[in-house]
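Close look at the chain arrangement
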Amino acid sequence: MNNSIKTINPFNNKTIKEYEVHTFEQLSHFLENSKKTFDKWRETSIKERCRLLDSLAQILEDDKDQLAELITLEMGKPLAQSISEIEKCITLCDFYATNAEDFLADELIDTDANESFISYDPLGTILAVMPWNYPFWQVLRFAVPTLTAGNTAILKHASNVTGCALAIEKLFERAGYPQGCFTSIIASHDAIEKLIANDIIKAVSLTGSEKAGKSIAATAGKHLKKTVLELGGNNACIVLDDADLDKHMDTIVNARMQNAGQSCIAAKRFIVTETIYDEFLKRFKDKVALLKFGDPMDKQVTIGTLARADLGDILKKQIDGSIALGANVISGNKQDKAYFEPTILTDITKDMPVFKEETFGPVAPIMKVKNTEEAFRMAAETRFGLGTMVFTQSIEIAQHYINTIEDGAYFVNELVKSDARLPFGGTKASGYGRELSREGIHEFVNRKTVFINH
Ligand code: NAP
C-alpha cells in the first residue's frame, strides 16, 4: 500500500493493521464538512450538547472492555490500566455534562453600562494533534470541553494509535453528534502544516513532545492562530526526612512506573533527603521488584512494554549516558526491543541525561540531598514545568514552598495527576494553556465583551 501507516502491537511486534493516509482532497473535504457542521452546531443549546455527553458516557461504559483492549493492543498498556483510562473519560463527560452550562453562561460585570458581560462564543474548527500514551484520555480531555463549547474538532492522532483515533470518531457519531462535529484524519506532518494554514482551522491544541510543540507553534504563529501546548515534563518527587513511607510508598512507585513510565506528569527525578535515603531506596527497590511483566492483555500484569521499540533505544541511550557520568545501576537496565526492565539509578548528578532530560520509560533516578532546602533547589533545576510533588508530614514546610514552585502543579503527599475538576497544564518547556475544569472550556472560546446602554 502506498502512503500508508501500520499499527504494530509492541508486545509481540505483530502488525495490527495498515491504514491509507488521507489524500489532500479528502482532507479538504473534511475541513469543509467541519465548517458546515460548525455553522449549525454553534446554534444548538448547551443543554442539548450536555445531553450528548451523557450519551457519550453511556457508550464508553457499554464498550469499556472492547475499547480498553484496543488501547492495550496498540500501545501495550496493561489492560487494567486501559480500563481505568476509559473510566476516567466517563468521569470527564459527567463533569462537563453537569457544569458546562454554568461555565459557558454570560458573566455579568458591573460597569457604567446598563448591562455589560462576557459572552463565551465558540471559535470554529479546532485542530488537535495528540499523543499515544493515553490515547483516549488525551483526546477526550480536549474534545469534550471544546465540542461542548460549540466548536467542531479535527483530530490528528499519533500514528501508532490510529485504530483508537477511528474508534473515538465512531463514539461521537454513535452518541448522536452531528456528522463532521468530530473527525479523525490520518495525515503526515507536512499535511498538518497545510491544515494549520487553512482559514477554516481557528486554533490548535497539541499534546506531545517539546520538538513537536515548537514546530506546530511556529506554524500557528505564522498564521496568527492560538495554540494550547501540553508538552513534556521532568517532574521532581521530593521525599523529606519525615515522609510517611508506610502510607505513601505505593503512590511514589506508581508515580514513576504507571503506564511503564510513559506519562508527561510522571515522577522523573526522585530527590531524597539523606536521613531517609537508605530506607527509601530499600523500599523503592522492593516495590519495583513486585511489578509483574507479561502479556498486557492479562489483567494480573502491572507493567507493559513501551509503546514502540525505538522509544526503548532512546531510553537506553539516556541511561548509558548517565552511567558514563557516574550513575550506579541498582536494578534493571535490560532492553529487548519495546521491553524495558524497570530501572533504578543512584549517585545522580544534575549534569546527567536522566536528570536533565525527560525520560519516557520506567527509569527512576534517585538523588541524595542534604536537607529540605537543597531538595527544593534541585527540584527547580529543570527547563520543564509540569509539576512537583513532595512527601512530608510537615504540611507547614510544604506550604512554605508553594509560591516558589514555578510549575503548573504542586502536589503534597500525592502524585501529580489530572482531575477533570482541576486545571491541568505546564509552564516553561512544558508548554502553555490549561485543560480541564472551567479554565479548559474557556481556552477555545471568544471571550467577548458586550456593553449595552439603553
Ligand atoms: P510526539 O512525537 O511529539 O508526537 C505527538 C503527536 O504530534 C503525534 O500525533 C505526532 O504524530 C505529532 N507530531 C510530532 N511532530 C509533529 C510535527 N512536526 N508536525 C505535526 N505533527 C507532529 O510525542 P510522543 O512521543 O507521541 O509523546 C510523548 C511526548 O508527549 C512526551 O514528551 C510527553 O511528555 C508529551 N506529553 C505531554 C502531555 C501533557 O499533558 N503535557 C501528555 C502526554 C504526553 P506522529 O505520531 O505521526 O509522529
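In this text the structure is predicted, and so the values were computed from the model without any measurement. (Residues numbered from 1 in each chain as written. Predicted model: local features only at pLDDT ≥ 70, side-chain atom pairs only at ≥ 80, totals over all residues. Heavy atoms only, no water.)

Considerations on the packing of helix α2 (residues 46-62) against helix α6 (residues 162-175)
Let me state the cut-off plainly: In this analysis an axis means a line fitted to C-alpha atoms, helices contributing only their contacting stretch, and an angle means the value between N-to-C directions, from 0 to 180 degrees. Under the DSSP-based scheme used, a helix requires at least four consecutive residues in state H or I and a strand at least two consecutive residues in state E, with every element numbered from the N terminus. Relative orientations are named as follows: roughly parallel for angles under 35 degrees, roughly antiparallel for angles over 145 degrees, roughly perpendicular for angles from 65 to 115 degrees, and oblique for any other angle. Each crossing is labelled by how the near helix is turned from the far one, with a counterclockwise turn of less than a right angle marking it left-handed and a clockwise turn marking it right-handed. Contacts are assigned to residue pairs with any non-hydrogen atoms lying within 4.5 Å of each other. Residue classes follow a fixed rule: Ala, Val, Leu, Ile, Met, Phe, Trp, Tyr, Cys and Pro count as nonpolar, while Asp, Glu, Lys and Arg count as charged, and any other residue, Gly among them, counts as polar.
Orientation of α2 relative to α6, taken along the N-to-C sense of each, is 125 degrees, at an axis distance of 8 Å. With respect to each other, α2 and α6 are oriented oblique. Regarding α2 and α6, the two cross each other, and that crossing is right-handed. In this structure, α2 uses Leu52, Ser55, Leu56, Ile59 and Leu60 to contact α6, whose residues at the interface are Leu171, Phe172, Arg174 and Ala175. When grouped by side-chain class, the residues that make up the contact of α2 with α6 number seven nonpolar, one polar and one charged.

So, the side chain of Asn151
For clarity, the cut-off: Here's how the labels work: a residue is buried when its accessible area is under 20% of the maximum for its type, exposed when over 50%, partly exposed in between, all with a 1.4 Å probe on protein chains only. Here a polar contact is taken to be a pair of N or O atoms separated by no more than 3.5 Å, where protein atoms must pair a possible hydrogen donor with a possible acceptor and residues adjacent in sequence count only if both atoms sit in side chains.
Inspection of the secondary structure puts Asn151 in the loop between α5 (137-148) and β6 (152-156). Here Asn151 falls in the buried class, since its relative accessible area comes to 0%. Within the structure, Asn151 has its side chain in polar contact with the backbone nitrogen of Leu123 (distance 2.6 Å). Looking at Asn151, its side chain comes within polar contact range of the main-chain oxygen of Phe444, at 2.9 Å. Not counting chain neighbours up to four residues away, the residues in contact with Asn151 comprise Phe38, Trp41, Pro122, Leu123, Gly124, Ile126, Thr146 and Phe444.

Details of the sheet that holds strand β3 (residues 107-108)
Short version of the rule: Between any two strands, at least two bridges found by DSSP are needed for them to pair.
Spatially, three strands are ordered β3-β4-β22 in an open sheet, and the strand pairing comes out antiparallel. Strands at the two margins of the open sheet, each flanked by one partner only, are β3 and β22 (445-452). Direction of pairing for strand β4 (residues 115-122) relative to β22: antiparallel, over a ladder of eight bridges. The partner of Asp121 across the bridge, within β22, is Asn446.

A closer look at the nonpolar core
As a rule of thumb, nonpolar side chains are buried together in soluble globular proteins. Counted only if it meets this: What we call a nonpolar core is a set of buried Ala, Val, Leu, Ile, Met, Phe, Trp, Tyr and Cys residues that are connected through their side-chain atoms within 4.5 Å. How far each domain reaches was decided by an automatic or database domain assignment.
Judged by nonpolar contacts, the single largest core of 120 residues is most densely connected at Leu56, Leu60, Phe136, Tyr177, Phe270, Phe280 and Phe284. Looking at which element gives the most residues to this core, the answer is helix α4 (residues 79-104), with eleven residues. Each of domain 1 (4-231 + 430-452) and domain 2 (235-419) gives at least three residues to this core. Listed in part, the 20 residues of the second largest apolar core include Ile192, Ile200, Ile201 and Leu229.

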